[in-house]
Amino acid sequence: MIVLAACTALGGLVALIAGAYGLQRSRRVQDAGNIAQALVKPPQPGSERPLLQFATDDNGVSPART
């Protein structure tokens, strides 16, 4: 029973560390990121994914990408 409790506690600790790391990275991206708007175009024949075209604050426009 002690082994099961130790494994559960270790798994919880790993999940806690992974969650904290992911939250820290997402905050860093959010702080450094710029606002961009995307135009979502329907998928082309033979493709499963829609096309995305981004426009940034400095009026730079990316080509449509899947």
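What you are looking at is a predicted structure, and each value in this text was computed from that prediction instead of being measured.

Trainee: Help me understand the overall build of the protein chain, please; the structure alone is not making it clear to me.
Mentor: Counting its regular elements, the protein chain contains one helix and two strands. Ordering the α and β elements of the protein chain from the N terminus gives α-β-β. Expressed as a percentage of contacts within the protein chain between residues at least 6 apart in sequence, the contacts between residues at least 24 apart total 0%. For the protein chain, the exposed surface amounts to about 6000 Å²; the carbon and sulfur share of it is 63%.

Trainee: Honestly, a nonpolar patch on the surface in this entry has me stumped. Any pointers?
Mentor: Together, L10, L13, V14, L16 and I17 make up a nonpolar patch on the protein surface, roughly 510 Å² of accessible area in all. Relative to the helices and strands, V14 resides in helix α1 (residues 2-32).

Trainee: Help me understand the confidence of the model for the protein chain in this model?
Mentor: When pLDDT is low, close inspection of the predicted coordinates is not appropriate. Mean pLDDT for the protein chain: 83, with 83% of residues reaching 70 or above. At the low end of the mean pLDDT range in the protein chain sits strand β2 (residues 51-56), at 79; at the high end sits α1, at 92.

Conventions used here
- Residues numbered from 1 in each chain as written.
- Predicted model: local features only at pLDDT ≥ 70, side-chain atom pairs only at ≥ 80, totals over all residues.
- Heavy atoms only, no water.
- Helix = DSSP H or I, 4+ residues; strand = E, 2+ residues; numbered from the N terminus.
- Contact = heavy atoms within 4.5 Å.
- Areas by Shrake-Rupley, 256 points an atom, 1.4 Å probe, with all protein chains shown as cover.
- Patch = residues over 30% accessible without salt bridge, like charges linked within 9 Å, V, L, I, M, F, W, Y side chains within 5 Å.
- Salt bridge = Lys/Arg side-chain N within 4 Å of Asp/Glu carboxyl O.
- pLDDT = per-residue confidence, 0-100.

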